[in-house]
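Descriptive analysis of the structure
Given next are the chains, with one letter for each unit.
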Amino acid sequence: MIPASGISFSATLDDEGNKYYATVLVNETDRYDLIQPGMVGERIPLQPINLTVRNETGSLEITPDRGELKFPKGNYSISYESAVTSNTIHLLFAEPADVSFTLPHPFMITNPLLTSLQPSGSVIEEGNNTTLISWTKVRSVEVRYYDEGQEHLLFLFAQFWLIFAVVLLIPFFLGRGN
């Protein structure tokens, strides 16, 4: 296995939050693995949609073999779409990669109870109704995002339990005064 000497990955979530569009730039390599982690960390081949592999001479017709793309050694741009499940995106890389991920509004990552950004140390920039998350030289990335409806449900749930706790504690404190 000859790993890629340079990987730059950028992706954008679609407006409905159901899929993302990715572009991968690889330098001086003859392969790229389209993989995602499984339940216990195993490498599962990604099922890309609209896969395109290009180099300086044009497009190549390549079909992934268990997630592996093989081509003549060189510099390539790989574009594809992939489905998102449970508002979570997992990515694995054979070599450290520079990764950027763009979330459109209304999707958010600010509430730590509803989101996950792995690894830590991401750079977050907000503007133009989007949020840009980026990492430098990482081997894996996890982004879990949410929308305003999920945040409202969290606050409703918290308020319910707060009221429930107060109702249960009032008799306790009144009983202690006697």
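Here the structure is a predicted model, which means the values were calculated and not measured.

**Describing the overall build of the protein chain**
Broken down by element type, the protein chain carries one helix and 11 strands. For the protein chain, the succession of helices and strands along the chain, N to C, is β-β-β-β-β-β-β-β-β-β-β-α. For 178 residues, the compact-globule estimate of 2.2 N^0.38 gives 16 Å, and the protein chain exceeds it by more than 25% at 22 Å. Here the C-alpha coordinates of the protein chain stretch approximately 85 × 35 × 25 Å along the principal axes.

**Section: the nonpolar core**
One finds Phe9, Tyr20, Tyr32, Phe71, Ile78, Tyr80 and Phe93 to be the most contacted residues of the largest nonpolar core, which totals 35 residues. Elements represented by at least two residues in this core include exactly strand E1 (6-13), strand E2 (19-33), strand E7 (68-83), strand E8 (88-104) and strand E11 (130-144). The element that contributes the greatest number of residues to this core is E8, accounting for seven residues.

**Side note on empty space enclosed by the protein**
For the structure on display, the rule yields two cavities of 30 Å³ or more. A volume near 50 Å³ is recorded for the second largest cavity. Around the second largest cavity sit Phe9, Tyr32, Asp33, Leu34, Ile35, Leu46, Tyr80, Leu91, Leu92 and Phe93, which together line it. Mapped by element, the contributors of at least two residues to the lining of the second largest cavity are E2 and E8. In terms of residue count, the dominant contributor to the lining of the second largest cavity is E8 (three residues).

**A look at the layout of surface pockets**
Roughly 210 Å³ of internal volume is contained in the largest pocket. Taken together, Tyr20, Gln36, Pro37, Leu46, Ser82, Ala83, Val84, Thr85, Ser86, Thr88, Ile89 and His90 make up the lining of the largest pocket. Sorting the residues of the lining of the largest pocket by element identifies strand E3 (35-37), E7 and E8 as the ones contributing at least two each. Ranked by residue count, the leading element in the lining of the largest pocket is E8, at three residues. Class assignment of the residues belonging to the lining of the largest pocket gives a composition of six nonpolar, six polar and no charged.

**Quick look at the pairing of strand E5 (residues 49-55)**
Direction of pairing for E5 relative to E7: antiparallel, over a ladder of four bridges. Looking at E7, one finds that Arg54 is bridged to Ser77. As paired strands, E5 and strand E6 (residues 58-60) are joined by three bridges and run antiparallel to one another. Within E6, the position partnered with Arg54 by the bridge is Ser59. In this structure, the hairpin formed by E5 and E6 is closed by a connection of two residues.

**Here's the deal with the confidence of the model for the protein chain**
Overall, the predicted model of the protein chain reaches an average pLDDT of 86, with 95% of residues at or above 70. Predicted confidence in the protein chain is weakest over helix H1 (residues 148-176), with a mean pLDDT of 81, and strongest over E5, with 93. Taken together, the stretch residues 1-5 has pLDDT below 50 and engages in 13 contacts with residues farther than four places along the chain or on a different chain.

**Some details on the packing of aromatic side chains**
The final tally for this structure, using the stated rule, is 10 aromatic pairs. Taking the centre distance of 4.1 Å and the plane angle of 40° together, the rings of Phe71 and Tyr76 count as tilted. Look at Phe71 and you get buried, because its relative accessible area is 7%. On the basis of an interplanar angle of 70° and a centroid distance of 6.2 Å, the ring pair of Phe157 and Trp161 is categorised as edge-to-face. Of this pair, Phe157 and Trp161 both sit in helix H1, four residues apart, which is roughly one turn of the helix.

What counts and how
Residues numbered from 1 in each chain as written. Predicted model: local features only at pLDDT ≥ 70, side-chain atom pairs only at ≥ 80, totals over all residues. Heavy atoms only, no water. Helix = DSSP H or I, 4+ residues; strand = E, 2+ residues; numbered from the N terminus. Rg over C-alpha atoms; globule rule 2.2 N^0.38 Å. Core = buried A, V, L, I, M, F, W, Y, C linked by side-chain atoms within 4.5 Å. Buried < 20%, exposed > 50% of the residue type's maximum accessible area, 1.4 Å probe, protein only. 1 Å grid on protein atoms, 1.4 Å probe; cavity = no way out; pocket = protein on both sides within 12 Å on 5 of 7 lines; lining within 4 Å. Points joined across faces, edges and corners; volume = space filled by probe spheres on them. Nonpolar A, V, L, I, M, F, W, Y, C, P; charged D, E, K, R; others polar. Pairing = 2+ DSSP bridges. pLDDT = per-residue confidence, 0-100. Contact = heavy atoms within 4.5 Å. Phe/Tyr/Trp six-rings, centres within 6.5 Å; stacked < 30°, edge-to-face > 60°.

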